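Letter by letter, the chains look like this.
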Amino acid sequence: MYPIGKGPMIPVVKPRYSESTDGEEPAITTNSSPSLSSSSLQRPIQTLRYDPEYAQWRAPFGDKVCVPPCATPFDLRRYADTFMRAVWAQLPAQPSITRTRYACRSHDGCEIEITRFATAGQMESHAALQPAVLYLHGGGTVAVSVEIFAPQLAKLAAESGVQVFSVEYRLAPEHPDPTPTEDCYAALQWLSTRGADLGVDPARLGLMGDSAGGGLAAGIALMARDRGLEPPVKKQILIYPMLDDRSVAALSAASHTSPLLELVTFSLPTAKLCWEAYVGKEKAGRPDADVSPYAAPGRATDLRGLPSTYIDVGGLDLFRDECATFAARLAAADVETEFHLFPGVPHAFEAASNIGVTKRAIEGRIQWMRDL
């Protein structure tokens with residue numbers, strides 16, 4: 001510490017006055033640093049880059065970790081089903097978890113399948129009702145299945161100690177909006193109504209989903225609020241959710257190309273393909289289109305009364321901005337919200353299962369499950 005007025009001596013750079021030839025005040029320059037050109041001031045500094053651990057994990061795979069260009073939703077389905085099956089098949093078996101299948105009726109009378117992932121103790125104990133999560137799988141609403149996701153769902157159930165239910169919702173483009181959301185809501189309603197028979201506390205139900213499944217979870221949370229589901233959903237856990245078709249159009253129409261687009265693994269054309277299959281080519285991305293907020297929750301005008309919400313997304317995810325906006329809007333609507341933006345990782349970064357970012361993300365998600 002220095003006495004007042006007795007600090008260390010700091011060298012002062014004397015200003016140099018340039019000569020004026022037109023009678024104006026002389027310009028002041030210093031010797032401390034070279035002046036910056038106007039072009040360097042206009043060029044933004046690029047700070048987006050892969051997390052070092054993620055980059056090291058990715059190196060042997062190269063662009064194989066990116067979704068390839070797909071001409072149709074069916075091309076994407078073939079790729080995603082094959083790739084995701086291979087990814088989740090790497091997970092160790094969970095011998096403590098039993099799978100049980102049930103069925104319920106959707107809005108149009110079609111029977112849909114629900115799979116339960118639970119321990120024998122959870123299956124047999126009805127004395128004390130327990131919490132449960134309804135998990136909605138990702139896949140752009142056009143691909144993947146509960147069967148493909150099963151190893152991951154069993155792992156979540158085993159690590160969290162919370163039983164997981166997952167619905168085999170019908171996929172676009174064969175079944176566009178509103179079928180996927182109505183299928184998922186039918187499963188939620190079934191679980192809420194049948195809860196006591198299954199040893200599940202309907203007041204401690206959580207919704208959870210990744211990517212398009214996260215969007216479906218957010219959509220049926222809105223639906224449950226609007227339709228007066230009782231008891232209400234307690235929590236929603238949204239993992240890099242696909243929330244707003246308009247963000248694809250906004251990125252496409254931007255006056256400059258974002259450096260983000262060079263680093264994503266789930267590309268702009270792929271997202272556009274999924275939204276068009278789901279809500280219709282003539283509607284997707286148009287701000288004035290009649291797109292249901294249950295299909296694209298980012299379009300919802302009122303987020304009040306929604307359940308406590310956890311959201312995480314990578315800083316190199318195409319859905320980054322819509323997730324951040326949705327989280328801010330939830331907080332502004334006085335909804336308890338926890339939001340994580342993990343720098344340096346793209347969509348579905350958990351494929352790099354042993355890196356620090358993945359471990360932190362999974363820890364947060366599982367804690368929210370346990371808090372049910």
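Residues numbered from 1 in each chain as written. Predicted model: local features only at pLDDT ≥ 70, side-chain atom pairs only at ≥ 80, totals over all residues. Heavy atoms only, no water.

With respect to the state of the cysteines
For the structure shown, the criterion picks out zero disulfides. Cys70 takes part in no disulfide bond, and the closest cysteine sulfur to it belongs to Cys274, at a distance of 8.7 Å. (Disulfide = S-S within 2.5 Å.)

Comments concerning the sheet that holds strand β9 (residues 308–314)
Read across the open sheet, the eight strands follow the order β3-β4-β6-β5-β7-β8-β9-β10; overall the sheet is mixed. Because the sheet does not close on itself, it has two edges, and the strands there are β3 (98–105) and β10 (337–342). Between one strand and the next, the sheet's axes are offset by a mean angle of 20°, whatever the strand orientation. Inspection of the sheet shows strand β7 (residues 200–210) paired to strand β8 (residues 235–239) by five bridges, in the parallel sense. Bridged to Gly206 within β8 is Lys235. Of the strands in this sheet, β8, β9 and β10 are in contact with helix α10 (residues 320–332), which crosses β9 at around 160°. (Pairing = 2+ DSSP bridges. Helix = DSSP H or I, 4+ residues; strand = E, 2+ residues; numbered from the N terminus. Axes fitted to C-alpha atoms, helices over the stretch in contact; angles between N-to-C directions. Contact = heavy atoms within 4.5 Å.)

Description of the packing of aromatic side chains
Tallied over the full model, the rule gives 13 aromatic pairs. Judged by centre distance (5.6 Å) and plane angle (10°), the ring pair of Tyr79 and Phe83 falls under stacked. Separated by four residues within a single helix, Tyr79 and Phe83 lie in helix α3 (residues 73–89), roughly one turn from each other. Of the residues examined, Phe83 reaches a relative accessible area of 30% and is grouped as partly exposed. (Phe/Tyr/Trp six-rings, centres within 6.5 Å; stacked < 30°, edge-to-face > 60°. Buried < 20%, exposed > 50% of the residue type's maximum accessible area, 1.4 Å probe, protein only.)

A closer look at the pairing of strand β5 (residues 130–136)
In terms of burial, β5 is a largely internal element, seven of the seven residues being buried. Here β5 shows a buried face lined by Gln130, Ala132, Leu134 and Leu136 and a second buried face lined by Pro131, Val133 and Tyr135. Both β5 and β7 contribute to a ladder of six bridges, which runs parallel. Directly across from Tyr135, in β7, lies its bridge partner Met208. In this sheet, strand β6 (residues 163–167) lies alongside β5 in parallel orientation, the contact comprising four bridges. From the neighbouring strand, Val133 faces β6, where its bridge partner is Val164. In this fold, β5 hands off to helix α5 (residues 146–160), which returns the chain to β6; that crossover is right-handed. (Right-handed = clockwise from strand over helix to strand, strands pointing away.)

Quick look at the side chain of Glu350
Its place among the elements puts Glu350 in the loop between β10 and α11 (356–370). One polar contact links Glu350 to Tyr240, side chain to side chain, over a distance of 2.8 Å. If sequence neighbours within four positions are ignored, Glu350 has contacts with Ile239, Tyr240, Thr358 and Arg365. (Polar contact = N/O pair within 3.5 Å; in protein donor to acceptor, adjacent residues only side chain to side chain.)

A closer look at the confidence of the model for the chain
Summary statistics for the chain give a mean pLDDT of 90 and a share of 88% for residues scoring 70 or more. In the predicted structure, residues 1–40 sits below a pLDDT of 50 and forms 18 contacts with residues beyond four places in sequence or in another chain. (pLDDT = per-residue confidence, 0-100.)

Regarding the packing of α3 against α5
In contact at an axis separation of 9 Å, α3 and α5 are set at 25° when each is read in the N-to-C sense. If you check the angle between α3 and α5, you find them roughly parallel. The crossing of α3 and α5 is left-handed. Counted together, Asp81, Met84, Arg85 and Trp88 of α3 and Glu147, Ile148, Phe149, Pro151 and Gln152 of α5 form the full contact between these two elements. Its residues placed into classes, the contact of α3 with α5 shows five nonpolar, one polar and three charged. (Parallel < 35°, antiparallel > 145°, perpendicular 65-115°, else oblique. Left-handed = near helix turned anticlockwise from the far one by under 90°. Nonpolar A, V, L, I, M, F, W, Y, C, P; charged D, E, K, R; others polar.)

Let's talk about the nonpolar core
Membership of the largest hydrophobic core comes to 112 residues, with the highest contact counts inside it found for Phe117, Leu134, Tyr135, Phe165 and Leu188. Per element, the largest residue contribution to this core is nine residues, and it comes from helix α7 (residues 212–226). (Core = buried A, V, L, I, M, F, W, Y, C linked by side-chain atoms within 4.5 Å.)

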